[in-house]
Amino acid sequence: MNYLLQNLETLLLLLFGLCALVGAGLMIVLRQPMRVALALVSTMIFLGGIYGLLGVHFIAAFQVLIYVGAVMVFMVYVIMLLEVREATGAKYSALLVPGIVGFVLVLGVIVIGIWRAVPAPTGAAGNGAYGISTFAVSFLNEYWLHFELTSVLLVAAVVAAMAVIKVSRAADRKGRHG
Amino acid sequence: MDRTQLLIGLAMALFSIGLLGVIVRRNVLVMLMCMELMLNGVNLSLVTFAQQTATTVGAVLVFLIFVVATAEIALAIPIVLLLVRGKRTLKLDAYNDLKG
């Protein structure tokens, strides 16, 4: 029991990692887009738990708020909006076998590379937990330019979304009148 | 196998599964979600490295990736909506004419 409590963090890390992997595997196997979306949501929440265990609580909060709260809700909304049910036909493309072979090869190479390359822990490293104040000071002092570029990117995205909507409206009008 | 190796291995496994999904699945929305899974794997590796070196660079990069992912999905979804409105299907094979 004592041993369990001392290694609780590592055990939870293992558990969350395993659950995230299972969620990711379900994304490949499940057929309905809504179930795939729910599997992705669970994977993201478990990743948020891992971030929390690592000590970067603000990234865990962002993960849940932005990814689960914004991106995936948007995705689920679109799945419900489209409501294209396609239970017939093959689930996988013709690239199934080459895809799986490539997946196994890539994973094998990467795992072997990690096994050899990552240096053994040198004591102090590994518990570099820092709060949001350290992050915020560093973010707005050293990376202010990137922060401003982010706003430029968001403006560009808004303009592009408007352009897409305009194209769709023009296509609608053409379809109705001609 | 220490914690860093475990987390980097998990990140790379998530990335590879996402890549496999993009290659193997035929549904456009599912492929988009698999791309999100790849982004999540990269985020996990960045956070792990930031933790290992005790710097804020990785966290800043993760923050920027959040913004880029949100902008990407906000643009990708209208494009998918437009495609589906034209062909009434989510299957990728129907959009062969996009290759020009």
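Attention shifts here to the overall build of chain B. Counting its regular elements, chain B contains three helices and zero strands. When the helices and strands of chain B are placed in sequence order, the string is α-α-α. Relative to its 100 residues, chain B shows a buried fraction of 60%. Across chain B, the fraction of contacts at a sequence separation of at least 24, relative to all contacts at a separation of at least 6, is 53%. Carbon and sulfur atoms provide 70% of the accessible area of chain B, an area that totals close to 3,700 Å². Charge-centre separation for chain B: the mean point of 8 positive side chains lies 11 Å from the mean point of 5 negative side chains.

The next subject is the interface of chain B and chain A. In this complex, chain B contributes 66 residues to the contact, which on the side of chain A involves 78 residues. Taking both sides of the interface into account, the surface hidden between chain B and chain A amounts to around 6,600 Å²; carbon and sulfur atoms contribute 77%. The three residues of chain B that bury the most area against chain A are Arg25, Met33 and Gln51 of chain B, which together make up 11% of that side's buried surface. At the surface where chain B touches chain A, the tally comes to one salt bridge. Residue glutamate 9 of chain A pairs with arginine 3 of chain B through a salt bridge whose shortest N-O separation is 3.2 Å. Taken together, chain B and chain A are joined by nine residue pairs in polar contact (both at pLDDT 80 or more).

Residue and element names in this part refer to chain B. When pLDDT is averaged along chain B, the result is 87, and 98% of the positions lie at 70 or above. Averaged pLDDT values for the elements of chain B fall to 88 in helix 3 (residues 57-87) and rise to 91 in helix 2 (residues 28-53). Predicted as a complex, the structure gets a pTM of 0.87 and an ipTM equal to 0.92.

Glancing now at helix 3 of chain B. With 31 residues, helix 3 of chain B ought to run about 45 Å at 1.5 Å a step, and its terminal C-alpha atoms sit 44 Å apart, in line with that. In the stretch just after helix 3 of chain B, arginine 88 of chain B is the one whose phi turns positive, near 60°.

Counting residues in hydrophobic clusters, the biggest one holds 69 residues, and the most contacted among them are Ile50, Ile59 and Met72 of chain A together with Leu29 and Met33 of chain B. The residues contacting methionine 72 of chain A, other than those within four sequence positions of it, are Ala37, Leu40, Val41, Met44 and Tyr67 of chain A together with Met33 of chain B.

With that settled, the discussion passes to helix 4 (residues 57-82) of chain A. A rise of 1.5 Å per residue sets the reference length of helix 4 of chain A, with its 26 residues, at 38 Å; its end C-alpha atoms lie 36 Å apart and thus fit the reference within 8%. Helix geometry: helix 4 of chain A is bent most strongly at methionine 72 of chain A, by close to 30°.

Before going further, it helps to examine the packing of helix 2 (residues 8-29) of chain A against helix 1 (residues 3-24) of chain B. Packing of helix 2 of chain A against helix 1 of chain B leaves a shortest axis separation of 9 Å and a crossing angle of 10°. Our classification of the angle between helix 2 of chain A and helix 1 of chain B gives roughly parallel. Side by side, helix 2 of chain A and helix 1 of chain B meet where Glu9, Leu13, Leu14, Gly17, Ala20, Leu21, Ala24, Gly25 and Ile28 of chain A of the first sit next to Arg3, Leu6, Leu7, Leu10, Ala13, Leu14, Ile17, Leu20 and Gly21 of chain B of the second. Looking at the contact of helix 2 of chain A with helix 1 of chain B, its residues break down into 13 nonpolar, three polar and two charged.

Further remarks concern the environment of alanine 61 of chain A. All names here are of chain A. Looking at the element boundaries, alanine 61 is found in helix 4. On the accessibility criterion, alanine 61 (36% relative accessible area) is partly exposed. When the C-alpha atoms of alanine 61 and isoleucine 28 are compared, they prove to be 27 Å apart, with 33 residues separating the residues in sequence.

This paragraph deals with the packing of aromatic side chains. Each pair of aromatic rings is reported with the distance of its centres and the angle of its planes. Evaluation of the coordinates by the stated rule reveals nine aromatic pairs over all chains. When the ring of phenylalanine 58 of chain A is compared with that of phenylalanine 135 of chain A, the centres are 4.5 Å apart and the planes differ by 35°; the resulting orientation is tilted. Highlighted residues: phenylalanine 58 of chain A in helix 4 and phenylalanine 135 of chain A in helix 6 (residues 132-142), separated in sequence by 77 residues. Given a relative accessible area of 5%, phenylalanine 135 of chain A falls into the buried group. With a centroid separation of 6.0 Å and an interplanar angle of 65°, the aromatic rings of phenylalanine 135 of chain A and phenylalanine 63 of chain B are classed as edge-to-face.

Before going further, it helps to spend a moment on the environment of glutamine 51 of chain B. Along the chain, glutamine 51 of chain B turns up in helix 2. Polar contacts involving the side chain of glutamine 51 of chain B include one to the main-chain carbonyl oxygen of leucine 54 of chain A, which spans 2.6 Å.

The subject of this paragraph is the side chain of arginine 26 of chain B. For arginine 26 of chain B, the location among the structural elements is in the loop between helix 1 and helix 2. Apart from residues no more than four positions distant in its own chain, arginine 26 of chain B is found in contact with Ala90, Lys91, Tyr92 and Ser93 of chain A together with Leu90, Lys91, Leu92 and Asp93 of chain B.

Calculation criteria
- Residues numbered from 1 in each chain as written.
- Chains lettered and ligands numbered in written order.
- Predicted model: local features only at pLDDT ≥ 70, side-chain atom pairs only at ≥ 80, totals over all residues.
- Heavy atoms only, no water.
- Helix = DSSP H or I, 4+ residues; strand = E, 2+ residues; numbered from the N terminus.
- Buried < 20%, exposed > 50% of the residue type's maximum accessible area, 1.4 Å probe, protein only.
- Contact = heavy atoms within 4.5 Å.
- Areas by Shrake-Rupley, 256 points an atom, 1.4 Å probe, with all protein chains shown as cover.
- Lys, Arg positive; Asp, Glu negative; His and termini not counted.
- Charge placed at Lys NZ, Arg CZ, Asp CG, Glu CD.
- Buried area = accessible area lost by both parts, 1.4 Å probe.
- Salt bridge = Lys/Arg side-chain N within 4 Å of Asp/Glu carboxyl O.
- Polar contact = N/O pair within 3.5 Å; in protein donor to acceptor, adjacent residues only side chain to side chain.
- pLDDT = per-residue confidence, 0-100.
- Expected span 1.5 Å × (residues − 1).
- Core = buried A, V, L, I, M, F, W, Y, C linked by side-chain atoms within 4.5 Å.
- Bend = angle between axes of the 7 residues up to and from the residue.
- Axes fitted to C-alpha atoms, helices over the stretch in contact; angles between N-to-C directions.
- Parallel < 35°, antiparallel > 145°, perpendicular 65-115°, else oblique.
- Nonpolar A, V, L, I, M, F, W, Y, C, P; charged D, E, K, R; others polar.
- Phe/Tyr/Trp six-rings, centres within 6.5 Å; stacked < 30°, edge-to-face > 60°.

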